[in-house]
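Residue-level listing of the chains:
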Amino acid sequence: MIHVTRASALIYALAKAGPEGAWLLPANVCPAVPLALMQAKCPFVFVDIDPKSLCMDVTQAVQTIGQSSAVAGLIYVRTYGYAPQAESDLPALRAALPTGAVLVDDQCLSTPNIELEKLDPHGADAVIFSTGYGKVLDLGGGGYGVFYHDLPYELPPPLSEEEAQEAEAALNARIMVAKATGSMLFPDPQSEILPNWIRGKLITFWPDHHQQIVDALPARLAHRDEINRIYAEGLSDLEGLTPLVPSDPVWRFNLRASRRDEFLAHIFKNGLFASAHYYPASDLFGGPPCPVARTLHGNILNLFNDQHFSVEQAKRIVSLARDFYSPA
C-alpha cells in the first residue's frame, strides 16, 4: 500500500517505472491524469467511453491495443465514481493487454475503500483512491494505492508545496483558456516538456490517515444521502432533467440536463454553484474525436452534495430548477 500527498503522484510513479510504450486513457478522464503522464514523459492515447457504462469502451480499447506497437499501461477510470461493468471490463482489458503492461483501476471519485485486505482487483495491477480536494471524502489531500505483484514505482522528484501550487495554478489557468476557446492545451502534447507540478511525497503515517477516514466518512456520507434525497424528490418529475445513472450517486448528484449552460448560468447568477465536469481530455490534448465523451460533457450537470454545500442550498437549487424547467 502506497500513501502519498496526492493521487496524481501514483499515476506518475507507475508510468515512470513502467514499461516503454503508450498509456490508454478514457476520453473523459480528469486532465490531471494525462498531465501526470506528461511529467513522467510517457505518451498516451485516448479511447472513447461506452454510452451505457460511461467508462472506457472496452471494445475500442481492445482494438487500440491490437493496433498499437507498444502499450505500457491502461487507466480504467470509474466515471463519477460509477462503474457498473468494472467486474467484467477489467478482466477483459487484462486479457487484451500485453504481458508486463500495467492495468490501473482509478477509483479516485469513488468512496475511499480502507478494507484493503478484502479488495478484489479483478485483474488490475493497481487500485488507487483519493481523499484530496473535491473528492467524496475531502480531507484536504492524500492519495493511496494498492499495488500488486511487486509492481515497480518511482515517485516524482521533491517539490515544495509552494512550487507545486504555483505550477498547478498555471496549468489550471491554461486549461480554462483552452476550454473557453475550444483549443488544444499544448501545440504538441506528446512532445511537450512539462515542468514538475506534482508534489508526491511519500507519507508514512497511514494508520493516522486510516483513522481520519474511519472517523469522517460516516457523517460525510450521511450528509450526501440527505442532499441526494432532496434532489431526487424535488427534481424527479421535471422534463429536461434526467438522472445520469439509476444508482445512488455519491461524488455528485449527476443529471443529463437540457439547456444545461443556461441553467448553470442561472444557478451562478443566484449565488450558488454546480459543475459540468468533465470537458473531454481528448479535445484538450489533441486526441481523436470521441463523440460519446463529447456528448456526455455537452449535457452533464453535477449538483454538489459535499460538506461545502448545505441542505438549504440544495433546496434552493431545487427551487431554481422547478422555476426554470416547469412549463410556462
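Preceding this section is the structure that the text describes.
The structure contained in this document is the topic of the report that follows. Remember, it's a predicted structure, so these values are computed and weren't measured experimentally.

1. Points about the overall build of the protein
Line of reasoning, step 1. Tallying secondary structure elements over the protein gives ten helices and ten strands in all.
Line of reasoning, step 2. The C-alpha radius of gyration computed for the protein amounts to 20 Å, which stays within 12% of the reference 20 Å derived for 328 residues, consistent with globular compactness.
Line of reasoning, step 3. Along the first, second and third principal axes, the C-alpha set of the protein runs to 60 × 45 × 40 Å.
Line of reasoning, step 4. Within the protein, the fraction of its 328 residues that count as buried is 53%.
Line of reasoning, step 5. Contacts in the protein between residues far apart in sequence, at least 24 positions, make up 71% of those at least 6 positions apart.
Line of reasoning, step 6. Split by element, the accessible area of the protein, about 14600 Å² in all, is 54% carbon and sulfur.
Line of reasoning, step 7. Taken together, the 24 basic and 36 acidic charged side chains of the protein have centroids lying 5 Å from each other.

2. Observations concerning the sheet that holds strand 10 (residues 300–303)
Strand pairs in the sheet, formed through backbone hydrogen bonds, run parallel or antiparallel to each other.
Line of reasoning, step 1. Spatially, the three strands line up as an open sheet ordered 8-9-10, and their pairing is antiparallel. Taken across any chain shown, the strands that pair with only one partner, and hence form the sheet edges, are strand 8 (241–243) and strand 10. Pairs of neighbouring strands in the sheet enclose a mean axial angle of 35 degrees, with direction left out of account.
Line of reasoning, step 2. Alignment of strand 9 (residues 253–257) against strand 10, held across four bridges, turns out to be antiparallel. Paired with Asn254 across the two strands is Asn302, which belongs to strand 10.

3. Describing the nonpolar core
Line of reasoning, step 1. Judged by nonpolar contacts, the single largest core of 45 residues is most densely connected at Trp23, Leu35, Trp197 and Phe285.
Line of reasoning, step 2. What Phe285 contacts, discounting residues up to four positions off in sequence, is Pro31, Pro34, Leu35, Met38, Phe44, Phe46, Met184, Leu185, Phe186 and Pro189.
Line of reasoning, step 3. With 27 residues, the next largest nonpolar core counts Ile230, Leu238, Phe253 and Val311 among its residues.

4. As for the layout of surface pockets
Line of reasoning, step 1. By volume, the second largest pocket is sized at about 170 Å³.
Line of reasoning, step 2. Together, His3, Thr5, Leu139, Gly141, Gly142, Lys201, Leu202, Ile203, Thr204, Phe205, His209 and Gln212 line the second largest pocket.
Line of reasoning, step 3. Tallied by class, residues from the lining of the second largest pocket come to four nonpolar, seven polar and one charged.

5. Describing the pattern of salt bridges
Where charged atoms from two side chains of opposite charge come close, those side chains can pair.
Line of reasoning, step 1. Here the structure, examined in full by the defined rule, presents eight salt bridges.
Line of reasoning, step 2. A salt bridge links Lys118 to Glu115; its shortest N-O distance comes to 3.9 Å.
Line of reasoning, step 3. Residue classification places Lys118 among the exposed residues on the basis of a relative accessible area of 61%.
Line of reasoning, step 4. Relative accessible area serves as the criterion here: at 44%, Glu115 is assigned to the partly exposed category.
Line of reasoning, step 5. Its salt-bridge partner being Glu262, residue Arg259 comes within 3.6 Å of it at the nearest N-O pair.

6. Focus: the side chain of Ser8
Line of reasoning, step 1. Position of Ser8 among the secondary structure elements: in helix 1 (residues 8–17).
Line of reasoning, step 2. Since its relative accessible area comes to 10%, Ser8 is described here as buried.
Line of reasoning, step 3. Discounting chain neighbours no more than four positions away, the residues touching Ser8 are Ala32, Ala36, Trp197 and Ile198.

7. Examining helix 3 (residues 58–67)
Line of reasoning, step 1. Here helix 3 has its buried residues at Val58, Ala61, Thr64 and Ile65. All buried residues of helix 3 project into a common sector of 120 degrees when viewed along the axis, lining one side. Of the exposed residues in helix 3, those oriented more than 90 degrees away from the buried face are Thr59, Gly66 and Gln67.
Line of reasoning, step 2. Capping the start of helix 3 is the job of one residue whose side-chain oxygen sits 3.0 Å from the backbone nitrogen of Thr59: Asp57.

8. Regarding the pairing of strand 9
Line of reasoning, step 1. Strand 9 sits mainly inside the fold: four of its five residues count as buried.
Line of reasoning, step 2. In this structure, strand 8 lies alongside strand 9, joined through three bridges in antiparallel fashion. Along strand 9, the bridge assignment pairs Pro243 with Leu255.

The rules behind the values
- Residues numbered from 1 in each chain as written.
- Predicted model: local features only at pLDDT ≥ 70, side-chain atom pairs only at ≥ 80, totals over all residues.
- Heavy atoms only, no water.
- Helix = DSSP H or I, 4+ residues; strand = E, 2+ residues; numbered from the N terminus.
- Rg over C-alpha atoms; globule rule 2.2 N^0.38 Å.
- Buried < 20%, exposed > 50% of the residue type's maximum accessible area, 1.4 Å probe, protein only.
- Contact = heavy atoms within 4.5 Å.
- Areas by Shrake-Rupley, 256 points an atom, 1.4 Å probe, with all protein chains shown as cover.
- Lys, Arg positive; Asp, Glu negative; His and termini not counted.
- Charge placed at Lys NZ, Arg CZ, Asp CG, Glu CD.
- Pairing = 2+ DSSP bridges.
- Axes fitted to C-alpha atoms, helices over the stretch in contact; angles between N-to-C directions.
- Core = buried A, V, L, I, M, F, W, Y, C linked by side-chain atoms within 4.5 Å.
- 1 Å grid on protein atoms, 1.4 Å probe; cavity = no way out; pocket = protein on both sides within 12 Å on 5 of 7 lines; lining within 4 Å.
- Points joined across faces, edges and corners; volume = space filled by probe spheres on them.
- Nonpolar A, V, L, I, M, F, W, Y, C, P; charged D, E, K, R; others polar.
- Salt bridge = Lys/Arg side-chain N within 4 Å of Asp/Glu carboxyl O.
- Arc of directions from axis to C-beta.
- Polar contact = N/O pair within 3.5 Å; in protein donor to acceptor, adjacent residues only side chain to side chain.

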